[in-house]
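Take a look at the letters that make up each chain.
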Protein chains: 2
Amino acid sequence: MSLTVVGSIAFDAVKTPAGERERMLGGAATHFALAASFFDQVHVVGPVGDDFGEQEFAILRTRGTNTDDVEQVPGGKTFFWKGEYADDLNTRETHVTDLNVFEHFEPKLSQASRDADVLFLANIVPALQREVLGQCTGPRFTALDSMDLWIDIAREDLVDVISRVDCVMLNDAEIRQLTGKASIVSAARELLEWGPTAVVAKQGEYGAGLVTREGFFALPAFPLEHVADPTGAGDSFAGGVVGYVAAHPQEDVDHDLLTRAMAYGTAIASFNVEEFGTERVARLTADEITARVGELQRMTHFADAPVALRG
Amino acid sequence: MSLTVVGSIAFDAVKTPAGERERMLGGAATHFALAASFFDQVHVVGPVGDDFGEQEFAILRTRGTNTDDVEQVPGGKTFFWKGEYADDLNTRETHVTDLNVFEHFEPKLSQASRDADVLFLANIVPALQREVLGQCTGPRFTALDSMDLWIDIAREDLVDVISRVDCVMLNDAEIRQLTGKASIVSAARELLEWGPTAVVAKQGEYGAGLVTREGFFALPAFPLEHVADPTGAGDSFAGGVVGYVAAHPQEDVDHDLLTRAMAYGTAIASFNVEEFGTERVARLTADEITARVGELQRMTHFADAPVALRG
């Protein structure tokens, strides 16, 4: 089986309290692919410029990821983002967003990418997400990410594409913005009415929640003594979740499968933020992931010990 | 066995997106006692004014709570707080803080309160918390809460009293402010070096974390479709946690016991915020708590299902 991701490939300049990088490989599709490639063959669809070299392609191809649909635009420059994180790492300021080749990106999927078993639509213009869905030949599971900008300026398209996917993965604040509801549970239940079977609410340092028609699940983030760079955490998380689904082609994608998937996404995202950009996940091992999922299980478990209550 | 809490008893005026109350019973000791009384005999120590009537005493005495040490100051007025919550319920603005009789509060504990097995020092001046500790005859477990104000203006006293208790329960932001560390794990480990054996980090709508020398535990908040009034959530949570400890006099207060305690605290706090002030917890039943703890266990559980990872 295989998994296709469509989204940004970028160079990032990032400053955090832990240090600074002037130019490193980034982008949603990149972080997603590095995580998802632990689970299945990944096809990356996204644009880069002439400045994107063999070194960057080599990182993208980690664990056999296919880059045939990485479109290198002649004379173009790769998407560039420059940002700086505050001391608490929870807020960030964007200094530069040069869309470059990403501005006129028109996803063209090869037959192999169209035939993928599982599809992830990273954060791009909702109309393009719908266009990609139309190119695909019937994936078993589809998920999407988005952002506040599209909720503001392309809400109708976004609502439409949400109605066509199985799973929505957004930040808490975006879910509230999209629905106008303060309660994440109520907001997620409204999203379910639009069509998807699952809503994953990303909560940054606090972890993530899952709402399906079967119920609710919540998983805290893995606690870290040191966070170097939060960039890409959400995309690594998505790569782990969607990759885990892709690795279980015989199972229904139900509440139970997604809870296990979220544990893997949470584990990989926690490694992602330990170092800058792709540095940590590029050299991550399967054993390290398995061990961290085990730790997550221990640190969320409490014994069922009923107590005699008064009154 | 018994449990003593020292802290504020108040009248609150609260406005939230769900509604408004002009004057209702509140205060840290009140919310704490209502929760803790499910587990053990509670003694409340705190000041009230002439305006505190039989109706309020009756609520305080729910489930047999002892109010012999509620000092009614002749001619005084009860602590009054007026605040308003923003639409997302995560931020609040204080409009009025009339300390009244709370301003010159000098805790005087009866012998029964001094002899309690477990002691909770709610958020009061750190020097008074130390003074109360000195009056007690050797509780098996002591915990405290505090606030940003004391970190700002009475840091030395606060650090000193922290060194004398078993458990510190603070908000994430307060833990960061107190230690200057961005990582809650690192910050909590620093607090452990000061003396306590446990640090509970309260994270509002996201739940709570526990750090001990034995490890880390995290529990999400119980997901609610509707939150009426977040006031007192942290104190109900503390009442559930500390109450659960009091209900287990034969057990060491170790990591495992505190994880179970946090499940009860989380369950009771979730009921607290469903209605205004003490309305919901005053008529809460033991069965409702037990059922919600069970739901918490289900919604945090994921199956241990190893997957063959690539690479």
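Residues numbered from 1 in each chain as written. Chains lettered and ligands numbered in written order. Predicted model: local features only at pLDDT ≥ 70, side-chain atom pairs only at ≥ 80, totals over all residues. Heavy atoms only, no water.

Regarding the relation of the copies chain B and chain A
To be explicit about the condition: Here the copies are superposed with least squares, the fitted atoms being C-alpha atoms of residues at a pLDDT of at least 70 in both.
Superposing chain B onto chain A requires a rotation of 180° together with a translation of 0.0 Å along the rotation axis, leaving an RMSD of 0.0 Å. Both copies of the chain, as the preceding transformation shows, are related through a two-fold rotation axis.

Let's talk about the pairing of strand S11 (residues 198–202) of chain A
Residues and elements named next belong to chain A. Heads up, the condition is: Throughout, exposure labels follow a simple rule: accessible area from a 1.4 Å probe, protein chains only, divided by the maximum for the residue type, with under 20% read as buried, over 50% as exposed, and the rest as partly exposed. The helix count covers DSSP runs of H or I at least four residues long, the strand count covers runs of E at least two residues long, and both are numbered beginning at the N terminus. Pairing between strands is defined by DSSP: at least two bridges between them are needed.
Of all five residues in S11, five are buried, a share of seventy percent or more. Direction of pairing for strand S10 (residues 167–171) relative to S11: parallel, over a ladder of five bridges. Bridge assignment links Met 169 to a residue of S11, and that residue is Val 200. Examined bridge by bridge, S11 and strand S12 (residues 208–212) share five bridges and lie antiparallel to one another. From the neighbouring strand, Lys 202 faces S12, where its bridge partner is Ala 208.

So, the interface of chain B and chain A
This is how it is decided: In what follows, a contact means two residues having at least one pair of non-hydrogen atoms within 4.5 Å. When two parts are brought into contact, each loses some accessible area as probed by a 1.4 Å sphere; the total of that loss over both is the buried area. Whenever Lys or Arg places a side-chain nitrogen within 4 Å of a carboxyl oxygen from Asp or Glu, that contact is recorded as a salt bridge. Side-chain classes are defined by residue name, with Ala, Val, Leu, Ile, Met, Phe, Trp, Tyr, Cys and Pro counting as nonpolar, Asp, Glu, Lys and Arg as charged, and the others, Gly among them, as polar.
Listed by partner, the interface residues are 54 residues for chain B and 54 residues for chain A. Carbon and sulfur atoms supply 58% of the area that chain B and chain A bury against each other, a total of about 4500 Å² over both sides. For chain B, the biggest contributors to the area lost against chain A are Phe302(B), Leu309(B) and Arg310(B); these three give 19% of the whole. In this structure, Arg176(A) and Glu205(B) form a salt bridge, with 2.8 Å as the shortest nitrogen-oxygen distance. The leading source of residues in the side of chain B that touches chain A is helix H12 (residues 286–300) of chain B, at eight residues. Within the side of chain B that touches chain A, the residues separate by chemical class into 28 nonpolar, 13 polar and 13 charged.

Some details on the packing of aromatic side chains
Residues and elements named next belong to chain A. Condition: Think of it this way: a Phe, Tyr or Trp ring, Trp meaning its six-membered ring, pairs with another when their centres are within 6.5 Å, and the plane angle makes it stacked under 30 degrees, edge-to-face over 60, tilted otherwise. Throughout this description, the term charge over a ring refers to an Arg CZ or Lys NZ atom that lies within 6 Å of the ring centre and within 35 degrees of the ring normal.
The tally for this structure, following the rule as stated, stands at 19 aromatic pairs over all chains. Consider the rings of Phe 11 and Phe 52, whose centres lie 5.9 Å apart with planes at 45°: the pair is tilted. Taken together, the residues Phe 11 in strand S2 (residues 10–16) and Phe 52 in the loop between strand S4 (41–48) and helix H2 (54–60) connect sequence positions 41 residues apart. Overall, Phe 52 belongs to the buried group, its relative accessible area being 3%. Sitting over the ring of Phe 11, Arg 23 keeps its end group 3.8 Å from the ring centre.

Description of helix H9 (residues 233–246) of chain B
Helical geometry: 3.6 residues make up each α-helical turn, so side chains three or four residues apart lie on a common side. The line we're drawing: To estimate the expected span of a helix, count its residues, drop one, and scale the result by 1.5 Å.
Counted at 1.5 Å a residue, the expected span for H9(B) with its 14 residues is 20 Å, and the 20 Å between its end C-alpha atoms agrees. Here H9(B) lies mainly inside the structure; 12 of its 14 residues are buried.

As for the layout of surface pockets
If a probe the size of a water molecule is rolled over the atoms, the empty space left behind becomes visible. We count it as follows: Both site types are read off a 1 Å grid over the protein atoms alone. A 1.4 Å probe that fits but cannot get out defines a cavity, while an open set with protein on both sides within 12 Å along at least five of seven lines defines a pocket; lining residues have an atom within 4 Å of a point. Grid points are joined across faces, edges and corners, and a volume is the space filled by probe spheres set on the points.
Taken as a whole, the second largest pocket holds about 270 Å³ of empty space. Classifying every residue of the lining of the second largest pocket by side-chain character gives six nonpolar, four polar and five charged.

Some details on the sheet that holds strand S1 (residues 2–6) of chain A
Through backbone hydrogen bonds, the strands of a sheet pair up, either in parallel or in antiparallel fashion. All names here are of chain A. Filter applied, for reference: Angular values range over 0 to 180 degrees, each being the angle between N-to-C directions of two axes fitted as lines to C-alpha atoms, with helices fitted over their stretch in contact.
Spatially, the nine strands line up as an open sheet ordered S5-S4-S1-S8-S9-S10-S11-S12-S13, and their pairing is mixed. Among the strands making up the open sheet, the edge pair consists of strand S5 (70–72) and strand S13 (215–219). Here the average twist between neighbouring strands, direction ignored, is 15°. Of the strands in this sheet, S1, strand S8 (118–121) and strand S9 (141–144) are in contact with helix H4 (residues 126–135), which crosses S8 at around 165°. This element, helix H7 (residues 172–179), spans S10 and S11 of the sheet and lies at about 110° to S10.

With respect to the side chain of Glu174(B)
All names here are of chain B. Our working rule: The positive count covers Lys and Arg only, the negative count covers Asp and Glu only, and His and the chain ends enter neither.
Along the chain, Glu 174 falls in helix H7 (residues 172–179). At 5.7 Å, Lys 202 is the nearest oppositely charged side chain to Glu 174, a buried residue that forms no salt bridge. For Glu 174, the residues in contact, after removing those within four places along its chain, are Asp 145, Ser 146, Met 147, Asp 148 and Ile 151.

Concerning helix H4 (residues 126–135) of chain B
Turning to H4(B), its buried residues number three or more, namely Pro126(B), Leu128(B), Gln129(B), Val132(B), Leu133(B) and Gln135(B). Buried residues in H4(B) make contact with strand S1 (2–6), helix H3 (111–114), strand S8 (118–121), strand S9 (141–144), helix H5 (148–153) and helix H6 (155–162) of chain B.

Digging into the confidence of the model for chain A
Where we set the bar: A residue's pLDDT is the predictor's confidence in that residue, given on a scale from 0 to 100.
Mean pLDDT over chain A stands at 96; residues scoring 70 or higher make up 100%. Scoring of the predicted complex yields 0.95 for pTM and 0.93 for ipTM.

Observations concerning the side chain of His248(A)
Residue and element names in this part refer to chain A. Using the following cut-off: In the analysis that follows, any N or O atom pair within 3.5 Å is treated as a polar contact, provided that within protein one partner can donate a hydrogen and the other can accept it, and provided that, for residues neighboring in sequence, both atoms belong to side chains.
With respect to the helices and strands, His 248 occurs in the loop between helix H9 (233–246) and helix H10 (255–272). Look at His 248 and you get buried, because its relative accessible area is 12%. Polar contacts involving the side chain of His 248 include one to the main-chain carbonyl oxygen of Tyr 244, which spans 2.7 Å.

Some remarks on the pattern of salt bridges
All chains considered together, the criterion is met by 36 salt bridges over all chains. The partner of Arg140(B) in a salt bridge is Asp117(B), and the shortest N-O contact between them spans 3.4 Å. One end of the pair, Arg140(B), is in the loop between H4 and S9; the other, Asp117(B), is in the loop between H3 and S8, with 23 residues separating them in the sequence. For Arg140(B), a relative accessible area of 25% translates into the label partly exposed. With its nearest N and O atoms 2.7 Å apart, the salt bridge here joins Glu251(B) to Arg260(B). Linked through salt bridges whose partners overlap, the residues forming this network are Arg130(A), Asp157(A), Asp160(A) and Arg164(A).

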